[in-house]
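# Observations on the three-dimensional arrangement
Here is how the chains run, residue by residue.
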Amino acid sequence: MGCLVHNQDLRRHNSFGFAACAENFVRVETLEQLQDAVAQAQHNGWPVLVLGGGSNLVLREQIPGLVIQMAIGGRRAEPVGDDEVRVTLGAGEIWHQSLDWMLDQGYYGLENLALIPGTVGAAPMQNIGAYGVELEQGFDSLQALDTHTGELRIFSREDCCFGYRDSCFKSMEPGRYIIIDVTFRLSLQPRPQLRYQALVDALQARGIAEPQPRDVFQVVCDIRRAKLPDPAEIGNAGSFFKNPLVSAVHYRELLQQFPRLVAYPAGEGYKLAAGWLIEQCGWKGHVRGAVGVYERQALVLVNLGAGTAPELMLLAGEIVQSVAARFGVQLEMEPRLYPA
Ligand SMILES: Cc1cc2nc3c(=O)[nH]c(=O)nc-3n(C[C@H](O)[C@H](O)[C@H](O)COP(=O)(O)OP(=O)(O)OC[C@H]3O[C@@H](n4cnc5c(N)ncnc54)[C@H](O)[C@@H]3O)c2cc1C
């Protein structure tokens, strides 16, 4: 396996910038190194945390056992007929850079997911999504190491049970599978996905009447830079809560009480804008010691410097309670708290 480090400082390995210390830490660049690391953890009875870019994690101060930093790289493509291509990326590849490369190659379909931080291997965990596109739309399959059996397993799209910010890897058997590579099935023909109104408006504002995938990529980057805090400057994990899904009946009841409710049709029901719910409860811009709610987007919780996971979780808990009391809706946290 790679070089084992004791008491590794993880402050620079998580986008909240929390001071966390890994009892043991190893960076793996090959499948063999990964298998050795898992074997060593099992031999020592260590719990394992697989770490990508740390942009969807809330880390407590002490991380017991072994942290495995996923750094398995690799990019390869094979054509599928005249119109499509299958692209396989190593789990340790950086998501945004890979997307940029795919666009350069003329592989289209995921450009709306530009600038989402983190690695390729973590992207299926919560079926990353933004601006009207979710990862599953370009997904073909993935390869993962089953830490229970030591075997490699291929997962089809159906096997992954993708949902809204969810997959079997996140909610059914967290920690069991370590994703090694992900294969996408993409189009060789530009087919921009323009369902998201803010994206359409931004393209129009730039006078782009017939947007190409690269235009979409660029505009998504611009919108995100204007809206979200850069973790290099203000610690955060993007959206801290999922947008709650409610039934059509519940939605209509809420709408009667709150005519300005922000919501979008989703399947049989509605997805409520969690940021709006939080803002209505007065939390936007709220600061509590060294943590707080981002002043420009109430869905984003921030570490203003010396904050800690317990402080942030306390604030998050109060936000959840106040939204439940006012709207009767339960917010669910999006990043993973570790150790739980
Ligand atoms: C500013 C900002 C904006 C964001 N915007 C979005 C957005 O628009 N849409 C969205 O969906 N998300 C968004 N996120 C969240 C985050 O970027 C994504 O969830 C991303 O996929 C996490 O990647 P990571 O490599 O940083 O994962 P990490 O935070 O390192 O890990 C996340 C989880 O995945 C597990 N994991 C990581 N790699 C593997 C692997 N190879 N095999 C098995 N398990 C693994 C970890 O153990 C952990 O449970 C945003 C975050 C930030 C900071």
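Residues numbered from 1 in each chain as written. Predicted model: local features only at pLDDT ≥ 70, side-chain atom pairs only at ≥ 80, totals over all residues. Heavy atoms only, no water.

## What about the site of the ligand?
Neighbouring the ligand are 36 residues; V50, G52, S55, T119 and R224 lie closest to it. T119 places a polar side-chain atom, nitrogen or oxygen, 2.7 Å from an oxygen atom of the ligand. Q126 is positioned such that a nitrogen or oxygen atom in its side chain is 3.0 Å from an oxygen atom of the ligand. Here the ligand, which alone exposes 980 Å², has 95% of that area covered by the protein. If you list the elements that add at least two residues to the shell around the ligand, you get β3 (48-51), β8 (129-130), β12 (177-187) and β13 (235-239). Among the residues making up the shell around the ligand, the classes are represented as 20 nonpolar, 13 polar and three charged. (Near = heavy atom within 4 Å. Polar contact = N/O pair within 3.5 Å; in protein donor to acceptor, adjacent residues only side chain to side chain. Areas by Shrake-Rupley, 256 points an atom, 1.4 Å probe, with all protein chains shown as cover. Helix = DSSP H or I, 4+ residues; strand = E, 2+ residues; numbered from the N terminus. Nonpolar A, V, L, I, M, F, W, Y, C, P; charged D, E, K, R; others polar.)

## What about the domain arrangement of the protein?
Parsing the protein into structural domains produces domain 1 (5-70), domain 2 (75-187) and domain 3 (235-338). Distance between the C-alpha centres of domain 2 and domain 3: 27 Å. Contact with domain 2, which involves five residues of that partner, is made by five residues of domain 3. Taking both sides of the interface into account, the surface hidden between domain 2 and domain 3 amounts to around 520 Å²; carbon and sulfur atoms contribute 46%. If you sort the residues of domain 2 by the area they bury against domain 3, Y164, R165 and K170 come out on top, with a joint share of 76%. Notably, a salt bridge pairs R165 with E334, separated by 3.9 Å at the nearest N-O pair. One can count three residue pairs in polar contact (both at pLDDT 80 or more) joining domain 2 with domain 3. Class assignment of the residues belonging to the side of domain 2 that touches domain 3 gives a composition of one nonpolar, one polar and three charged. (Domains from an automatic or database assignment. Contact = heavy atoms within 4.5 Å. Buried area = accessible area lost by both parts, 1.4 Å probe. Salt bridge = Lys/Arg side-chain N within 4 Å of Asp/Glu carboxyl O.)

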